[in-house]
Amino acid sequence: MPKLRLSWLAFGVGASLVPALAHAATENLRSDDYVGISFWLISMALIASTAFFFLETQRVAGKWKTSLTVSGLVTLVAAVHYFYMRDVWVATGETPTVYRYIDWLITVPLLMIEFYLILAAITKVPAGVFWRLLIGTFVMLAGGYVGEAGYFAVWPAFIVGMIGWAYILYEVFLGQASKINAAEAPESVQSAFKLMRLIVTIGWAIYPIGYFVGYLMGQDPSASSAALNLIYNLADVVNKIAFGVIIWTVATSETDRAAAK
Ligand SMILES: *C/C=C(C)/C=C/C=C(C)/C=C/C1=C(C)CCCC1(C)C
């Protein structure tokens, strides 16, 4: 069973990265540094989730294995970035913008693939749907990055990012992707699709709220960077870990249902 071995291999590579990176900190975490503590907590939660998603691929039916593997990749890539972000924050007290956006640049397209895989488990999906979601993603992240990194005024950059996100929402609620969620799909898959729409709407909305609080309320940037990072960190728990757990719930219940037949 080559697939089974592959997931163990991926797990092994991920697990061996952990000790090397987890000890990279050059400063000690202060007990009153709540943002730093949140970086720590979430790093560990992401690692545990990665192990869980990879190992659970062995339990689910074939067509769900890739979805769970992608969930594990999202949490693995994020975990590695969280180690670096935590170090930047603990050592300097500054927002780790570059690491944050490199993380998003990899993990948001992976989540789009995840979305596409769920649709593909229901029915044939035109590849154009995936590409349009990806274009929306790039516009959204490019806008956010040039604003946060100081290459562009924060308000117009925010608006560009919002347009990218609005386009994704349009595609998922009114565009071709929305029409694909056909009635013949099993109920649990349909409810997963609805839940994923909720994630992209409510879960993802936490990020622009973070940007707004961090840059657009006219506060001193150093005072608002704590809020910015706390909000982004919370958003990642919802959108990376909880999102993966949703996929896992559907995958296991669909697998059990098929086995009971
Ligand atoms: C795992 C990381 C995820 C799911 C990151 C998602 C990021 C966003 C939805 C960011 C959205 C933004 C806007 C909608 C406006 C501009 C500022 C951003 C980039 C924070």
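These figures come from a predicted structure and were not determined experimentally.

Basis of the calculations
Residues numbered from 1 in each chain as written. Predicted model: local features only at pLDDT ≥ 70, side-chain atom pairs only at ≥ 80, totals over all residues. Heavy atoms only, no water. 1 Å grid on protein atoms, 1.4 Å probe; cavity = no way out; pocket = protein on both sides within 12 Å on 5 of 7 lines; lining within 4 Å. Points joined across faces, edges and corners; volume = space filled by probe spheres on them. Helix = DSSP H or I, 4+ residues; strand = E, 2+ residues; numbered from the N terminus. Nonpolar A, V, L, I, M, F, W, Y, C, P; charged D, E, K, R; others polar. Near = heavy atom within 4 Å. Areas by Shrake-Rupley, 256 points an atom, 1.4 Å probe, with all protein chains shown as cover. Sits in = over half its atoms within 2 Å of the grid points. Core = buried A, V, L, I, M, F, W, Y, C linked by side-chain atoms within 4.5 Å. Buried < 20%, exposed > 50% of the residue type's maximum accessible area, 1.4 Å probe, protein only. Contact = heavy atoms within 4.5 Å. Phe/Tyr/Trp six-rings, centres within 6.5 Å; stacked < 30°, edge-to-face > 60°. Lys NZ or Arg CZ within 6 Å of the ring centre and 35° of its normal. Patch = residues over 30% accessible without salt bridge, like charges linked within 9 Å, V, L, I, M, F, W, Y side chains within 5 Å. Salt bridge = Lys/Arg side-chain N within 4 Å of Asp/Glu carboxyl O. Expected span 1.5 Å × (residues − 1).

Draft legend 1. A look at empty space enclosed by the protein. Scanning the model with the defined rule gives 2 cavities of 30 Å³ or more in all. By volume, the largest cavity amounts to about 300 Å³. Looking at the largest cavity, it is lined by 20 residues, and the ones nearest its centre are Trp104, Met140, Leu141, Tyr207 and Pro208. When contributions to the lining of the largest cavity are tallied by element, the ones reaching two or more residues are α4 (97-122), α5 (127-148), α6 (154-173), α8 (187-216) and α9 (221-260). For the lining of the largest cavity, the leading source of residues is α6, giving 5 residues. Within this model, the second largest cavity holds a volume of roughly 50 Å³. If you go around the second largest cavity, the residues you meet are Leu111, Met112, Phe115, Ile199, Val200, Trp204, Asn239 and Phe243. Elements supplying a minimum of two residues to the lining of the second largest cavity: α4, α8 and α9. By residue class, the composition of the lining of the second largest cavity is 7 nonpolar, 1 polar and no charged.

Draft legend 2. Main features of the site of the ligand. Lining the immediate surroundings of the ligand are 18 residues, of which Trp104, Val108, Met140, Tyr207 and Lys240 lie closest. Protein contacts shield 100% of the accessible area of the ligand, which totals 530 Å² for the unbound molecule. Put simply, the ligand lies in the largest cavity. When contributions to the shell around the ligand are tallied by element, the ones reaching two or more residues are α4, α5, α6, α8 and α9. Broken down by element, the residue count for the shell around the ligand peaks at 5 residues, all from α4. Its residues assigned to classes, the shell around the ligand shows 13 nonpolar, 3 polar and 2 charged.

Draft legend 3. Seen up close, the nonpolar core. Counting 50 residues, the largest nonpolar core has Ile168 and Trp204 as its most contacted members. With 12 residues, the top contributor of residues to this core is α8. Those residues in contact with Trp204 that sit more than four places away from it in its chain are Val108, Leu111, Met112, Met140, Trp165, Ile168, Ile199 and Asn239. Grouped together as the second largest cluster of nonpolar side chains are 10 residues, Phe39, Ile42, Leu46 and Ala78 included.

Draft legend 4. Just the packing of aromatic side chains, in detail. Applying the stated rule across the entire model yields 16 aromatic pairs. An angle of 80 degrees between the planes, with centres 5.1 Å apart, marks the rings of Trp104 and Tyr207 as edge-to-face. Highlighted residues: Trp104 in helix α4 and Tyr207 in helix α8, separated in sequence by 103 residues. Residue classification places Trp104 among the buried positions, given a relative accessible area of 6%. Through a chain of ring-to-ring contacts, three or more aromatic side chains come together here, namely Tyr101, Trp104, Tyr145, Tyr151, Tyr207 and Tyr232. The ring of Trp40 carries the charged tip of Arg86 above its face, separated from the ring centre by 4.1 Å.

Draft legend 5. Representation of a nonpolar patch on the surface in the model. Taken together, the side chains of Val98, Ile102, Leu105, Ile106 and Phe138 make up a nonpolar region of the molecular surface, amounting to roughly 410 Å² of accessible area. When residues in the nonpolar patch are grouped by element, the largest group, 4 residues, is from α4. With respect to the element layout, Ile106 can be found in helix α4.

Draft legend 6. Representation of helix α2 (residues 34-56) in the model. The end-to-end C-alpha distance of α2 is 32 Å, a good match for the 33 Å that 23 residues give at a rise of 1.5 Å each. Of all the residues in α2, the buried ones are Val35, Gly36, Ser38, Phe39, Ile42, Ser43, Leu46, Ser49, Thr50, Phe53, Phe54 and Glu56.

Draft legend 7. How the structure looks around the environment of Gln176. Within the secondary structure, Gln176 is located in helix α7 (residues 176-180). We classify Gln176 as partly exposed; its relative accessible area is 36%. A C-alpha to C-alpha distance of 6.7 Å links Gln176 and Val129, two positions 47 residues apart in sequence. For Gln176, the residues in contact, after removing those within four places along its chain, are Pro126, Val129, Arg132 and Glu171.

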